[in-house]
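Residue-level listing of the chains:
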Amino acid sequence: MEPEAKEFLQRISFTLLAGLVWMAINSTAGIMYNYAFIEGKLRIGNIIFYVWLVVSFVLLLWFYIRLWKKPLDKT
């Protein structure tokens, strides 16, 4: 396989893996542990969950930008 194609497929794989891991972590914490739902009143767990959700999403976008910004290695 050509090095350019291999690197491109690795980038796609890293992008999909990072997105799926991010979604799995946040859906587990939010839905299974009930932090995404505000029942009656706002709890500290809800606040921590939503702050984590926003911060982790920004970090995920930063990772994507950093991953896709560098040019493909044309050797």
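Residues numbered from 1 in each chain as written. Predicted model: local features only at pLDDT ≥ 70, side-chain atom pairs only at ≥ 80, totals over all residues. Heavy atoms only, no water.

(A) Fine view of the overall build of the protein chain. Helices and strands together make up the secondary structure of the protein chain, namely two helices and zero strands. Summarising its shape, the C-alpha atoms of the protein chain cover approximately 60 × 20 × 10 Å along the three principal directions. Every one of the 75 residues in the protein chain was classed for burial, and the buried ones make up 17%. Summarising the internal contacts of the protein chain: among those between residues at least 6 apart in sequence, 62% fall at separations of at least 24. Taken as a whole, the protein chain presents about 6,000 Å² of accessible surface, with 73% of it coming from carbon and sulfur. (Helix = DSSP H or I, 4+ residues; strand = E, 2+ residues; numbered from the N terminus. Buried < 20%, exposed > 50% of the residue type's maximum accessible area, 1.4 Å probe, protein only. Contact = heavy atoms within 4.5 Å. Areas by Shrake-Rupley, 256 points an atom, 1.4 Å probe, with all protein chains shown as cover.)

(B) How the structure looks around helix α2 (residues 44-69). Between its terminal C-alpha atoms α2 stretches 37 Å, which fits the 38 Å expected from 26 residues at 1.5 Å a residue. Among the residues of α2, those classed as buried are G45, N46, F49, S56, L60 and L67. The elements touched by buried residues of α2 are α1 (3-32). (Expected span 1.5 Å × (residues − 1).)

(C) Representation of the packing of aromatic side chains. By the definition in use, this model includes four aromatic pairs. Consider the rings of F49 and Y50, whose centres lie 5.1 Å apart with planes at 70°: the pair is edge-to-face. (Phe/Tyr/Trp six-rings, centres within 6.5 Å; stacked < 30°, edge-to-face > 60°.)

(D) How the structure looks around the side chain of N46. Positionally, N46 belongs in helix α2. Within the structure, N46 has its side chain in polar contact with the backbone oxygen of Y35 (distance 2.6 Å). Here F37 takes part through its backbone oxygen, which lies 3.1 Å from a polar atom of the side chain of N46. When near neighbours in sequence (up to four residues on either side) are disregarded, N46 contacts N34, Y35, A36, F37, I38 and K41. (Polar contact = N/O pair within 3.5 Å; in protein donor to acceptor, adjacent residues only side chain to side chain.)

Purely geometric numbers; function is a separate question.
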